[in-house]
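# Close look at the chain arrangement
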Number of protein chains: 2
Amino acid sequence: MRMPADEPSGAGQPSVRYRAELLQTCTARVLGGMGAPPDLAQLVGQSLVLSNLVGHDSHGIIRLLEYAGWVRQGHLVPDARPHVAWQETGTSLVDGGWGWGQASATLATQLIIRMTRSSGCAAVVIARCNHVGRLGEYVNSIADAGMMGLAFCNTGGAVVAPYGGVRRVLGTNPFAWAVPGSGSHNLVLDFSTAVIAAGKVVLAGLSGTPIEPGALLDAQGQPSTRAEDLDSGGVLLAFGRHKGSGLSVLIDVVAGLLSGTLPACVSESGFGNGTVLIAIDLARFVAPENFRSVSAEFAAKMYSASPAIGPTVLLPGELEAATEAERRRDGVVIPAGVRRNLVDLAAQFDVAVPELA
Amino acid sequence: MRMPADEPSGAGQPSVRYRAELLQTCTARVLGGMGAPPDLAQLVGQSLVLSNLVGHDSHGIIRLLEYAGWVRQGHLVPDARPHVAWQETGTSLVDGGWGWGQASATLATQLIIRMTRSSGCAAVVIARCNHVGRLGEYVNSIADAGMMGLAFCNTGGAVVAPYGGVRRVLGTNPFAWAVPGSGSHNLVLDFSTAVIAAGKVVLAGLSGTPIEPGALLDAQGQPSTRAEDLDSGGVLLAFGRHKGSGLSVLIDVVAGLLSGTLPACVSESGFGNGTVLIAIDLARFVAPENFRSVSAEFAAKMYSASPAIGPTVLLPGELEAATEAERRRDGVVIPAGVRRNLVDLAAQFDVAVPELA
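Residues numbered from 1 in each chain as written. Chains lettered and ligands numbered in written order. Predicted model: local features only at pLDDT ≥ 70, side-chain atom pairs only at ≥ 80, totals over all residues. Heavy atoms only, no water.

## Topic: the overall build of chain A
Heads up, the condition is: Numbered from the N terminus, helices here are DSSP runs of H or I no shorter than four residues, and strands are runs of E no shorter than two. Only protein chains enter the accessibility calculation, which uses a 1.4 Å probe; a residue whose area is less than 20% of its type maximum is buried, one above 50% is exposed, and one in between is partly exposed. Contact definition: two residues touch when any of their heavy atoms are within 4.5 Å. Computed with a 1.4 Å probe, the accessible areas rest on the Shrake-Rupley method; for each residue, only the protein chains presented here act as cover. The convention is simple: Lys and Arg are positive, Asp and Glu are negative, and His and the chain ends are not counted. Taken as the charge location is NZ of Lys, CZ of Arg, CG of Asp or CD of Glu.
Helices and strands together make up the secondary structure of chain A, namely 11 helices and 14 strands. Dimensions of chain A, computed from the C-alpha atoms along their principal axes, are close to 55 × 55 × 50 Å. Here chain A holds 357 residues, and the buried ones make up 59% of them. Taking contacts inside chain A between residues at least 6 apart in sequence as the whole, the part at least 24 apart equals 64%. Surface exposure of chain A reaches about 13400 Å², of which carbon and sulfur atoms provide 53%. Taken as two groups, the 25 positive and 30 negative side-chain charges of chain A have centres that lie 1 Å from each other.

## Side note on the interface of chain A and chain B
Let me state the cut-off plainly: Reported buried area values correspond to the accessible surface (1.4 Å probe) lost by two parts on association, with both partners' losses combined. For the purposes of these results, a polar contact is taken to be a pair of N or O atoms within 3.5 Å, where, inside protein, one atom must be able to donate a hydrogen and its partner to accept one; residues adjacent in sequence count only when each atom of the pair is a side-chain atom. Polar here means any residue other than Ala, Val, Leu, Ile, Met, Phe, Trp, Tyr, Cys and Pro, which are nonpolar, and Asp, Glu, Lys and Arg, which are charged; Gly is therefore polar.
Counting from both sides, the interface comprises 74 residues of chain A and, opposite them, 74 residues of chain B. For the chain A and chain B pair, buried surface summed over both sides reaches about 6000 Å², with 80% attributable to carbon and sulfur atoms. Applying the counting criterion to the chain A and chain B interface returns 18 residue pairs in polar contact (both at pLDDT 80 or more). Looking at which element gives the most residues to the side of chain A that touches chain B, the answer is helix H8 (residues 241–259) of chain A, with 14 residues. Within the side of chain A that touches chain B, the residues separate by chemical class into 48 nonpolar, 17 polar and 9 charged.

## Notes on the state of the cysteines
Residues and elements named next belong to chain A. To keep it simple, the criterion reads: Pairs of cysteine sulfur atoms within 2.5 Å are identified as disulfides in what follows.
Going through the model one piece at a time under the given rule, you end up with 0 disulfides over all chains. Just so you know, Cys 265 is unpaired, no disulfide at all, and the nearest cysteine sulfur is the one on Cys 153, 15 Å from it. Given a relative accessible area of 10%, Cys 265 falls into the buried group.

## Side note on the side chain of A:Thr155
All names here are of chain A. Within the fold, Thr 155 resides in strand E6 (residues 147–155). A distance of 2.8 Å separates a polar atom in the side chain of Thr 155 from the backbone nitrogen of Thr 172. Setting aside anything within four residues of it in sequence, one finds Thr 155 in contact with Gly 171, Thr 172, Asn 173, Pro 174, Ala 264, Gly 272 and Asn 273.

## What about the relation of the copies chain A and chain B?
Put simply, the test is: We superpose the copies by least squares over the C-alpha atoms of residues that have a pLDDT of at least 70 in both of them.
When chain A is brought onto chain B, the operation consists of a screw motion whose angular component is 180 degrees and whose axial shift is 0.0 Å, with 0.0 Å RMSD remaining. The superposition operator between the copies reduces to a two-fold rotation axis. Distance from the rotation axis, computed per C-alpha, reaches its smallest value in chain A at A:Gly240: 2.1 Å. When you check the interface residues of chain A against chain B, 100% turn up at the interface there too, and the contact is symmetric in its surfaces.

## A word on unusual backbone geometry
Residues and elements named next belong to chain A. Even without a glycine there, the phi angle at Trp 98 is positive, about 60 degrees. Relative to the helices and strands, Trp 98 is located in the loop between strand E4 (91–95) and helix H4 (101–119). Of the residues examined, Trp 98 reaches a relative accessible area of 24% and is grouped as partly exposed. The backbone of Asn 173 sits at a positive phi, close to 25 degrees, despite the residue not being glycine. Summarising the element assignment, Asn 173 is placed in the loop between strand E7 (160–161) and strand E8 (175–179). With a relative accessible area of 0%, Asn 173 lands in the buried category.

## Structural notes on the pairing of strand E9 (residues 175–179) of chain B
Residues and elements named next belong to chain B. To be explicit about the condition: Pairing between two strands is assigned when DSSP locates at least 2 bridges connecting them.
Judged by how many residues are buried, E9 sits mostly within the fold: 5 of 5 residues are covered. Burial of the side chains of E9 extends over both faces: Phe 175, Trp 177 and Val 179 are buried on one face and Ala 176 and Ala 178 on the other. Direction of pairing for strand E7 (residues 147–155) relative to E9: antiparallel, over a ladder of 4 bridges. Following the sheet pairing, Phe 152 is matched in E9 by Phe 175. Two strands pair when backbone bridges link them, and E9 and strand E10 (residues 187–191) are joined in this way by 5 bridges, in the antiparallel orientation.

## Observations concerning the packing of helix H2 (residues 38–53) of chain B against helix H10 (residues 318–330) of chain B
All names here are of chain B. Heads up, the condition is: Note on definitions: angles span 0 to 180 degrees between N-to-C directions of axes, and those axes are lines fitted to C-alpha atoms, for helices only across the stretch in contact. The labels follow the angle: roughly parallel below 35 degrees, roughly antiparallel above 145, roughly perpendicular from 65 to 115, and oblique for the rest.
One way to put it is that H2 packs onto H10 with a least axis distance of 8 Å and a crossing angle of 105 degrees. The orientation of H2 relative to H10 falls into the category roughly perpendicular. Across from Leu 50, Asn 52 and Leu 53 in H2, the residues of H10 making contact are Thr 323, Glu 324, Arg 327 and Arg 328. Its residues assigned to classes, the contact of H2 with H10 comprises 2 nonpolar, 2 polar and 3 charged.

## Considering the pattern of salt bridges
All names here are of chain A. Heads up, the condition is: One side-chain nitrogen of Lys or Arg within 4 Å of one carboxyl oxygen of Asp or Glu is enough to make a salt bridge.
Applying the stated criterion across every chain, the model contains 21 salt bridges over all chains. Between Arg 327 and Asp 57 there is a salt bridge; the shortest N-O distance is 3.2 Å. Taken together, the positions of Arg 327 in helix H10 (residues 318–330) and Asp 57 in the loop between helix H2 (38–53) and helix H3 (64–73) put the pair 270 residues apart, joining distant regions of the chain. The exposure class assigned to Asp 57 is partly exposed, which follows from its relative accessible area of 24%. Between Glu 324 and Arg 328 there is a salt bridge whose closest N-O contact spans 2.9 Å. Taken together, the residues Glu 324 and Arg 328, both in helix H10 and 4 residues apart, mark about one turn of the helix. When salt bridges with common partners are traced through the structure, they connect Arg 226, Glu 228 and Asp 229 into a single cluster.

## With respect to the packing of helix H1 (residues 20–34) of chain A against H2(A)
Axis angle and axis distance: for two packed helices, these are the angle between their axes and the distance between the axes, and together they describe the pair. Residue and element names in this part refer to chain A. Under the convention used in this document: Note on convention: the crossing is left-handed when the near helix lies turned anticlockwise from the far helix by less than a right angle, right-handed when the turn is clockwise.
Here H1 crosses H2 at 135 degrees, and the two axes come no closer than 8 Å. In terms of their interaxial angle, H1 and H2 are classed as oblique. H1 and H2 meet at a crossing whose hand is right-handed. Here H1 contributes Ala 20, Leu 23, Gln 24, Thr 27, Ala 28, Leu 31 and Gly 32 to the contact with H2, which in turn contributes Ala 41, Gln 42, Val 44, Gly 45, Gln 46, Leu 48, Val 49 and Leu 53. Here the contact of H1 with H2 is composed, by residue class, of 9 nonpolar, 6 polar and no charged.

Right, dumping it as structure tokens:
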């Protein structure tokens, strides 16, 4: 099942390319070892590997190490099942029971699609939710149902300074938004309100890559590009100056308060992803075929704005869709360090992943 | 009623400071002259002057000149009244009838508050809507009702390049979001997805002020800080690189398609603000007193992130609330050019504004 990889890991051992199905199987086995029932292990494993497939390795199987720590510390209850705490017309609260966030978000996504089909517009909030994964996955599913999906969550552990500030107040508070596209993929926007997501700083630190300028202050409040400065008292910056910072503030307050998770800077635990999903049934306003044909015209105009020399303008979600197609075909490159962590975790939880060893 | 102003206009005549009530009266008279019935003239006049009061002069009475042009060209029907085209649980369409956008948005705001009180979450879209004004006004009203309000609109006339592009595809597509705050004002976020709003480029051009770097390309696709380069084939840039550009894309597609206004780059007229409001009843999830007390803790943490030297971190909407208090007390400074336009318009539409002459 191993395939040769293009990139060396830089850590003595080579990166290896694996098929997604194999990674899912091994990931599910490790999650099962942590105590996840088979169906939840499958669901979380698929969600993590999907992040690798679309190119967001920071949200992929690299997370297993962190999850294992949470399970050991009792933050994550591996056999907890999310349930609908209450549901009224237009609004509902899903209780994640501090189980797998991906299971909560999948339930919430299925629920909001049903609710929106009947009431046109709905909001579903997830309480007691561990790491929810990649929000783009859920809004993409909502768009697959012919709806507009919007999602945001606040993230436990303040690590971002508000605009003009130098201290940690906000989480990296992601925001995602999707609608059907004109072609083979939906329009999917999904971004951290920090200039770069915390997970990407960790990846940069592991590979010794500098962080882009304007993303990080060191402990003295001075601009830095060294990933390790974040660990030694530094702070991430919000994207887009007062605009991105303001988005992060609203996300922290709305998602933190509606979910009961509280904004990271107020919460005593600084834990969990208070998550809000909002959906609108597009078909109430516009026929799907009209939506699709106007979207196609819009896409053509977008491409025509590209400069004569240089890369083409991309639609939101286009890079992810292309990466997914390529990685489903060619496999996912897993750096040696990530593979080693997975093998070590499997040993710790007494499951076998001989395919990776 | 005239009060001395601090700033000279730089155009030969001094700026003058006027009380808001006087400006509203004169503005309503001019709007009446354009053909607005008295109640609509009052409503639009108050909305415009409120923009001046909160410090967004680009959305204030300076707009009257543009509106007069639209009335003359038949784009804006001054006595058209918005009406609810259809309403179902959770969703509704307001038909603005190409009248005053502020009247449509005020109706849509009142409607969404009623709908959200009964169904918890709602979306109201405005079709055939002229310049809607400042979105922050409407989400602020929704927050006054104890709800989360979110609004966005696409703007007629492509003037912004998508990330990586060099040609006009997108409007300045603003986004606004508000919830109740802990103190005397709501948390109100309201921004253009262009680095700077087109109205602010016009103001900068009038006063000869350079545009901030990173906001504008000239006709050759080169970075520029000269406001006049926008008129000679230049293009504005979206804020926050691919993130702000992606927000603008989603706004253009969703607001353009749900309202029937179409994205600016697809529309033949390139006219109107397709507008979407979304609201959630916060009280279904959290008691208002809890919301308020946690918000107060959050605000304190935000302020504590300020650097030892330099300005204090601000909450979204705080600057606007402070400016409004000051201008309600001390009056609004109107540059000589804007005052002259108002006096000229009054003469053209045969109404008297002796207080400004």
